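These are the residues of each chain, in order.
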Amino acid sequence: VTDISGGQLSTSVTAATRVTTDSSGNIYTLTGATPAVVETDTTGAVLHSFGAYATGGGALQFTGPGDITVDSSGHIFILDGGNSRIGNSRRNSPEN
């Protein structure tokens, strides 16, 4: 799997728990590892990855990621049962 710059992805997609797509057909894989979310295009090229499987209060730290969805505006919502919250991110936002 390659990222958008043509380099090798530094971590593999392991422990995939859920998969969803956005309106462009990009695929979002929620994992039980780090990175917690991997976005790929329809060819499998990695566009974006973020988040960590970790205990803590950080916005992109997940202890029990259980589900993922993407709305029409590109907001990514992650159900994190381990931290009792719903994480929210937007693709290409500064914190990602």
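This is a predicted model, so every value here is computed, not measured. (Residues numbered from 1 in each chain as written. Predicted model: local features only at pLDDT ≥ 70, side-chain atom pairs only at ≥ 80, totals over all residues. Heavy atoms only, no water.)

## Notes on the overall build of the chain
Here comes step 1: Within the chain, the secondary structure is distributed over 0 helices and 9 strands.
Here comes step 2: Written out in order from the N terminus, the α and β elements of the chain read β-β-β-β-β-β-β-β-β.
Here comes step 3: Counting every position in the chain, which comprises 96 residues, the buried fraction comes to 34%.
Here comes step 4: The contacts of the chain with a sequence gap of at least 6 include a subset with a gap of at least 24, amounting to 28%.
Here comes step 5: Just so you have it, the chain exposes about 5000 Å², and 51% of that area is on carbon and sulfur atoms. (Helix = DSSP H or I, 4+ residues; strand = E, 2+ residues; numbered from the N terminus. Buried < 20%, exposed > 50% of the residue type's maximum accessible area, 1.4 Å probe, protein only. Contact = heavy atoms within 4.5 Å. Areas by Shrake-Rupley, 256 points an atom, 1.4 Å probe, with all protein chains shown as cover.)

## Remarks on the environment of Phe50
Here comes step 1: For Phe50, the location among the structural elements is in strand S4 (residues 46-50).
Here comes step 2: Among the residues examined, Phe50 registers a relative accessible area of 5% and is labelled buried.

## Re the pattern of salt bridges
Here comes step 1: Within this structure, the stated rule accounts for 2 salt bridges.
Here comes step 2: One salt bridge connects Asp67 with Arg18, and the closest N-O pair in it is separated by 3.8 Å. Residue Asp67 is found in strand S7 (residues 65-70), and its partner Arg18 is found in strand S1 (residues 16-21); the two are separated by 49 residues along the sequence.
Here comes step 3: Overall, Asp67 belongs to the partly exposed group, its relative accessible area being 37%.
Here comes step 4: Of the residues examined, Arg18 reaches a relative accessible area of 41% and is grouped as partly exposed.
Here comes step 5: One salt bridge connects Arg85 with Asp80, and the closest N-O pair in it is separated by 3.7 Å. (Salt bridge = Lys/Arg side-chain N within 4 Å of Asp/Glu carboxyl O.)

## Details of the sheet that holds S1
Here comes step 1: One open sheet holds the 4 strands; their spatial order is S1-S2-S3-S4, and the pairing between them is antiparallel. Every other strand in the sheet has two partners, leaving S1 and S4 as the edge strands with one partner each. Averaged over all adjacent pairs, the angle separating strand axes in this sheet is 20°, with direction ignored.
Here comes step 2: Where strand S2 (residues 27-31) lies against strand S3 (residues 37-40), 4 bridges are found, and the strand directions are antiparallel. (Pairing = 2+ DSSP bridges. Axes fitted to C-alpha atoms, helices over the stretch in contact; angles between N-to-C directions.)

## Focus: the pairing of S7
Here comes step 1: When S7 meets strand S8 (residues 75-80), the two strands line up antiparallel, connected through 5 bridges. Each bridged residue has a counterpart across the sheet, and for Ile68 the counterpart in S8 is Ile78.

## Topic: the nonpolar core
Here comes step 1: Core analysis: the largest hydrophobic core is formed by 11 residues, namely Tyr28, Leu30, Ala36, Val37, Phe50, Leu60, Phe62, Ile68, Val70, Ile76 and Ile78.
Here comes step 2: Counting only elements with at least two residues in this core, the list comes to S2, S7 and S8. (Core = buried A, V, L, I, M, F, W, Y, C linked by side-chain atoms within 4.5 Å.)

## Considerations on the confidence of the model for the chain
Here comes step 1: A residue-level look at the chain finds 76% of positions with pLDDT of 70 or above and a mean pLDDT of 76.
Here comes step 2: Below pLDDT 50 for its whole length, residues 1-11 participates in 16 contacts with residues either more than four positions away or in separate chains. (pLDDT = per-residue confidence, 0-100.)

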